[in-house]
Amino acid sequence: MPELPEVEYAARRLRRALRGRTIVHLRAHHPSQRRTLGAAVVRRVAGKMVRAVERRGKSQLVHLSDGATLVVHFRMNGDWDFGRSGTALAAHARVSFDLDDGKRVSLVDSRALCTVRWYAPDAPPVFKLGPEPEDPALVPSALRAALQRKRGPIKPALLDQSVVAGVGNIYAAEACWHARISPRAPANKLSLPRVARLLDGLRSALADGHTNAARYHKGVREVPFNVYDREGEPCNRCGRMIRRITQAGRSTYFCAGCQR
DNA sequence: TATTCCCTGTGC
DNA sequence: GCACAGGGAATA
């Protein structure tokens, strides 16, 4: 379930496994991954050491010792599986890294929508991303300026990665709920106080997400969402029924009682 | 700015 | 069967 908190957590685990290690063997196991990881790339990556792993928005960047970069995107349901080389591959393993310490990291993704791209040292990836949600430079007036360039309703606007990096469908809806703003409110007409509330709402929703990402692998009970996937259930704030609508082809959950 | 497509799995 | 799934690039 990879949105920003999950990707942040995944990138940390990946960093722990890869940093300083040499990739003995990179393999693409599915045709959709072989399109971006051809034989030449796979050959070139072999023997390179991992200098650093970082996250930008929902992308994970693996910086290699020859200056090349691998960019991993989980899309809808990618995740890492950590195991040992030579053992059976995890189900739905799409790409795997065999490391010089005998361990193997696999990208598992049942839908095979995940992407792994290789960038040459002289042509590094360029991201059209807005500020990270935690960036101190992201103040209400900056968010408002970004939103004023947008047409259409606020909730789909929050999914635009050039507005704020890493906001996905769940947290866009949760942020609107926290801020008591209708997902249908025009993005470019939100007042500064409402934008400030939205920013606070986004940060609290993501904070819950970070708690959950840490709990996910420990079997600890997770913090429930307030609106996402709760159609027909009562709102935690006003008790009215949560509704589901479609915006820009995706589900939006909200409470028409207290989100105006 | 909305739809279509990429894939496969799940739940009704 | 069919609708739907958290993303994003490519389209009209």
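Refer to the structure presented above.
Let me begin by describing the structure that accompanies this report.

How each quantity is defined
Residues numbered from 1 in each chain as written. Chains lettered and ligands numbered in written order. Predicted model: local features only at pLDDT ≥ 70, side-chain atom pairs only at ≥ 80, totals over all residues. Heavy atoms only, no water. Near = heavy atom within 4 Å. Polar contact = N/O pair within 3.5 Å; in protein donor to acceptor, adjacent residues only side chain to side chain. Nonpolar A, V, L, I, M, F, W, Y, C, P; charged D, E, K, R; others polar. Salt bridge = Lys/Arg side-chain N within 4 Å of Asp/Glu carboxyl O. Helix = DSSP H or I, 4+ residues; strand = E, 2+ residues; numbered from the N terminus. Buried < 20%, exposed > 50% of the residue type's maximum accessible area, 1.4 Å probe, protein only. 1 Å grid on protein atoms, 1.4 Å probe; cavity = no way out; pocket = protein on both sides within 12 Å on 5 of 7 lines; lining within 4 Å. Points joined across faces, edges and corners; volume = space filled by probe spheres on them. Pairing = 2+ DSSP bridges. Axes fitted to C-alpha atoms, helices over the stretch in contact; angles between N-to-C directions. Contact = heavy atoms within 4.5 Å. Expected span 1.5 Å × (residues − 1).

Around DNA strand B, the structure places His-30, Arg-35, His-92, Ser-110, Arg-111, Leu-113, Lys-150, Arg-151 and Ala-248. Sugar and phosphate atoms constitute 71% of the interface atoms of DNA strand B, taking the interface as everything within 4 Å of the protein. Backbone polar atom of Ser-110 to a sugar or linking oxygen of DNA strand B: 3.5 Å apart, as the coordinates give it. Between DNA strand B and Arg-111 there is a distance of 3.2 Å, counted from a base oxygen to a backbone nitrogen or oxygen. Residue classes in the surface near DNA strand B are distributed as two nonpolar, three polar and four charged.

For the structure shown, the criterion picks out eleven salt bridges. For Asp-160, the salt bridge is made with Lys-150, and the minimal N-O distance between the two is 2.8 Å. Here Lys-150 lies in the loop between helix H4 (140-148) and helix H5 (154-158) and Asp-160 lies in the loop between H5 and helix H6 (169-179), a separation of ten residues in the sequence. The partly exposed category is assigned to Asp-160, whose relative accessible area is 23%. Each of Glu-8, Arg-12, Arg-55, Arg-56 and Glu-132 takes part in one network of salt bridges that share partners.

With that settled, the discussion passes to empty space enclosed by the protein. Summed over all chains, the structure comprises one cavity of 30 Å³ or more. The volume enclosed by the largest cavity comes to roughly 60 Å³. Every residue lining the largest cavity is listed: Tyr-171, Glu-174, His-178, Ala-205, Asp-208, Gly-209, Asn-212, Val-223, Pro-224, Phe-225 and Asn-226. Top contributing element to the lining of the largest cavity by residue count: helix H7 (residues 192-216), with four residues. Looking at side-chain class alone, the lining of the largest cavity contains five nonpolar, four polar and two charged residues.

We now examine the sheet that holds strand E3 (residues 59-64). The four strands lie next to each other as E2-E3-E4-E8, forming an open sheet whose pairing is antiparallel. The open sheet has two edge strands, strand E2 (50-56) and strand E8 (115-119), and neither has a second partner. Strand-to-strand twist across the sheet, computed as the mean angle between neighbouring axes with direction ignored, equals 20 degrees. Bridging between strand E4 (residues 69-73) and E8 involves five bridges; their strand directions are antiparallel. Bridge pairing in E8 links Leu-70 to Trp-118. Running at roughly 175 degrees to E2, helix H1 (residues 4-18) makes contact with E2 and E3 of the sheet.

The end-to-end C-alpha distance of H1 is 20 Å, a good match for the 21 Å that 15 residues give at a rise of 1.5 Å each. Here H1 has its buried residues at Leu-4, Pro-5, Val-7, Glu-8, Ala-10, Ala-11, Leu-14, Ala-17 and Leu-18. Note on H1: the residue one or two positions beyond its end, Gly-20, has a positive phi of about 80 degrees.

With that settled, consider the sheet that holds strand E6 (residues 93-99). The strand order across the open sheet formed by four strands is E1-E6-E7-E5, and the pairing between neighbours is antiparallel. Two strands close off the open sheet at either side, each with one partner strand: strand E1 (23-28) and strand E5 (79-84). Across the sheet, the mean angle separating the axes of adjacent strands is 20 degrees when strand polarity is ignored. Sheet analysis places E5 next to strand E7 (residues 103-108), joined by six bridges and oriented antiparallel. Residue Phe-82 lies in a different strand from E7, and its bridge partner there is Val-105.

This brings us to the layout of surface pockets. Space inside the second largest pocket adds up to approximately 290 Å³. Together, 15 residues line the second largest pocket, and Ser-59, Val-71, His-73, Thr-115 and Phe-127 are the ones closest to its centre. For the lining of the second largest pocket, the secondary-structure elements that each account for two or more residues are E4 and E8. For the lining of the second largest pocket, the element with the most residues is E8, which contributes three residues. Partitioned by chemical class, the residues of the lining of the second largest pocket number six nonpolar, five polar and four charged.

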